Amino acid sequence: MTQDELKKAAAHAALDYIIDGSIVGVGTGSTVNHFIDALAGMRDRIRGAVSSSEASSQRLAAHGIEVFDLNGIESLPVYVDGADEIDGGFAMIKGGGGALTREKIVAAVSERFICICDTSKRVDVLGRFPLPIEVIPMACSHVTRELRKLGGEPKLREGFVTDNGNLIVDVHGLRITDPVATETRINQIVGVVTNGLFAERGADVLLLAGAGGVERLQAR
């Protein structure tokens, strides 16, 4: 199977976790695009969705799925999203598409986080994938200096602005052995909106697509 076929298999497996009559939390990215396309086949069984990006909102709307404002919703039963990396404790690096802040917000109000990805995203230690940091523009130089103190090499994502009007700094070369502590430490830097470590609130279920099919793994 190609990597795209593996992504599609993981995305389709997530349909089993969707509750009839519910509003579904929807993430962002290439794997999630497959999920949105699959979700369209059951749009008459759900109320609609809350989206973590403008791109996903547009794709949902194009399929006739109503997109709700999160401010009018107290909780979501399920949030489905991918990961750029995920470790054995289901902590993740996310934000390759730049939607990490909204993804983290939707995840925070969701009862279950269903992570959909292929086996290439599973790692023993996070950090091979550069860690995205959303930064207030005027603080970019200050945040970059502070991030260097952590041992990584921060690089501005050139020509990119988030849906929130901010910048992304990608930190290369980190070896993240304590994801929760690192997430907290980076979020304390003045000027950081949030970072792409999803460790304090990691995934509850991992749907991991490989050559032998889709593994369904529960967080310990």
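One structure accompanies this document, and this report is about it. (Residues numbered from 1 in each chain as written. Predicted model: local features only at pLDDT ≥ 70, side-chain atom pairs only at ≥ 80, totals over all residues. Heavy atoms only, no water.)

**Notes on the environment of Pro132**
For step 1, the next point in the chain: Note on placement: Pro132 falls in strand S7 (residues 131-135).
For step 2, the next point in the chain: C-alpha of Pro132 to C-alpha of Leu100: the two residues are 32 residues apart in sequence and 7.9 Å apart in space.
For step 3, the next point in the chain: Residues within four places of Pro132 in sequence aside, it is in contact with Ile93, Lys94, Gly95, Gly96, Leu100, Arg157, Ile168, Val169, Asp170, Asn195 and Gly196. (Helix = DSSP H or I, 4+ residues; strand = E, 2+ residues; numbered from the N terminus. Contact = heavy atoms within 4.5 Å.)

**Quick look at the packing of helix H2 (residues 30-39) against helix H3 (residues 54-62)**
For step 1, the next point in the chain: One way to put it is that H2 packs onto H3 with a least axis distance of 9 Å and a crossing angle of 25 degrees. Between H2 and H3, the angle falls in the class roughly parallel. Here H2 and H3 pass one another in a crossing that is right-handed. Touching Val32, Asn33, Ile36, Asp37 and Leu39 of H2 are Ser56, Arg59 and Leu60, all from H3.
For step 2, the next point in the chain: Of the residues contributing to the contact of H2 with H3, the split by class is four nonpolar, two polar and two charged. (Axes fitted to C-alpha atoms, helices over the stretch in contact; angles between N-to-C directions. Parallel < 35°, antiparallel > 145°, perpendicular 65-115°, else oblique. Left-handed = near helix turned anticlockwise from the far one by under 90°. Nonpolar A, V, L, I, M, F, W, Y, C, P; charged D, E, K, R; others polar.)

**What about the environment of Asp204?**
For step 1, the next point in the chain: Position of Asp204 among the secondary structure elements: in the loop between strand S11 (197-198) and strand S12 (205-210).
For step 2, the next point in the chain: Using a relative accessible area of 24% as the deciding quantity, one classes Asp204 as partly exposed.
For step 3, the next point in the chain: Spatially, the C-alpha atom of Asp204 lies 7.4 Å from that of Phe90, the residues being 114 residues apart in sequence.
For step 4, the next point in the chain: If sequence neighbours within four positions are ignored, Asp204 has contacts with Phe90, Glu111, Arg112, Phe113, Leu217, Gln218 and Ala219. (Buried < 20%, exposed > 50% of the residue type's maximum accessible area, 1.4 Å probe, protein only.)

**Focus: the pattern of salt bridges**
For step 1, the next point in the chain: Enumeration over the complete set of coordinates arrives at 12 salt bridges.
For step 2, the next point in the chain: Two residues, Arg157 and Asp170, come together in a salt bridge whose shortest N-O distance is 2.8 Å. Taken as a pair, Arg157 in the loop between strand S8 (153-156) and strand S9 (167-172) and Asp170 in strand S9 lie far apart in primary sequence, 13 residues in all.
For step 3, the next point in the chain: Take Asp170: its relative accessible area is 11%, and that puts it in the buried class. (Salt bridge = Lys/Arg side-chain N within 4 Å of Asp/Glu carboxyl O.)

**Details of the side chain of Asn195**
For step 1, the next point in the chain: Assignment of secondary structure puts Asn195 in strand S10 (residues 192-195).
For step 2, the next point in the chain: The class of Asn195 is buried, set by a relative accessible area of 0%.
For step 3, the next point in the chain: Polar contacts involving the side chain of Asn195 include one to the main-chain carbonyl oxygen of Glu183, which spans 3.0 Å.
For step 4, the next point in the chain: Of note is the side chain of Asn195, whose polar atom sits 2.8 Å from the side chain of Asn187.
For step 5, the next point in the chain: In contact with Asn195, not counting residues within four places along its chain, are Leu100, Lys104, Leu131, Pro132, Ile133, Glu183, Ile186 and Asn187. (Polar contact = N/O pair within 3.5 Å; in protein donor to acceptor, adjacent residues only side chain to side chain.)

**Let's talk about the nonpolar core**
For step 1, the next point in the chain: Residues Ile18, Val26, Phe35, Leu39 and Ile116 are the most contacted members of the largest nonpolar core, which totals 25 residues.
For step 2, the next point in the chain: Residue assignment for this core shows that the elements contributing at least two residues are helix H1 (3-13), strand S1 (23-26), H2, strand S3 (76-81), strand S6 (110-118) and S12.
For step 3, the next point in the chain: The contacts of Phe35, once residues within four sequence positions are left out, are Ala11, Ala14, Leu15, Ile18, Val24, Val26, Val80 and Ile116.
For step 4, the next point in the chain: Leu126, Val135, Leu147 and Leu197 belong to the second-largest nonpolar core, a separate cluster that totals 21 residues. (Core = buried A, V, L, I, M, F, W, Y, C linked by side-chain atoms within 4.5 Å.)

**Some details on the packing of aromatic side chains**
For step 1, the next point in the chain: Under the counting rule described, the total for this entry stands at one aromatic pair.
For step 2, the next point in the chain: Their ring planes at 75 degrees and their centres at 5.0 Å tell us that Tyr79 and Phe113 sit as a pair that is edge-to-face. Residue Tyr79 is found in strand S3, and its partner Phe113 is found in strand S6; the two are separated by 34 residues along the sequence. A single burial state applies to Tyr79 and to Phe113, both of which are buried.
For step 3, the next point in the chain: Lying over the aromatic face of Phe198, Lys104 brings its terminal NZ or CZ to 5.0 Å of the ring centre.
For step 4, the next point in the chain: Its guanidinium or amino end placed over the ring of Phe160, Arg157 lies 5.3 Å from that ring's centre, counting from NZ or CZ. (Phe/Tyr/Trp six-rings, centres within 6.5 Å; stacked < 30°, edge-to-face > 60°. Lys NZ or Arg CZ within 6 Å of the ring centre and 35° of its normal.)

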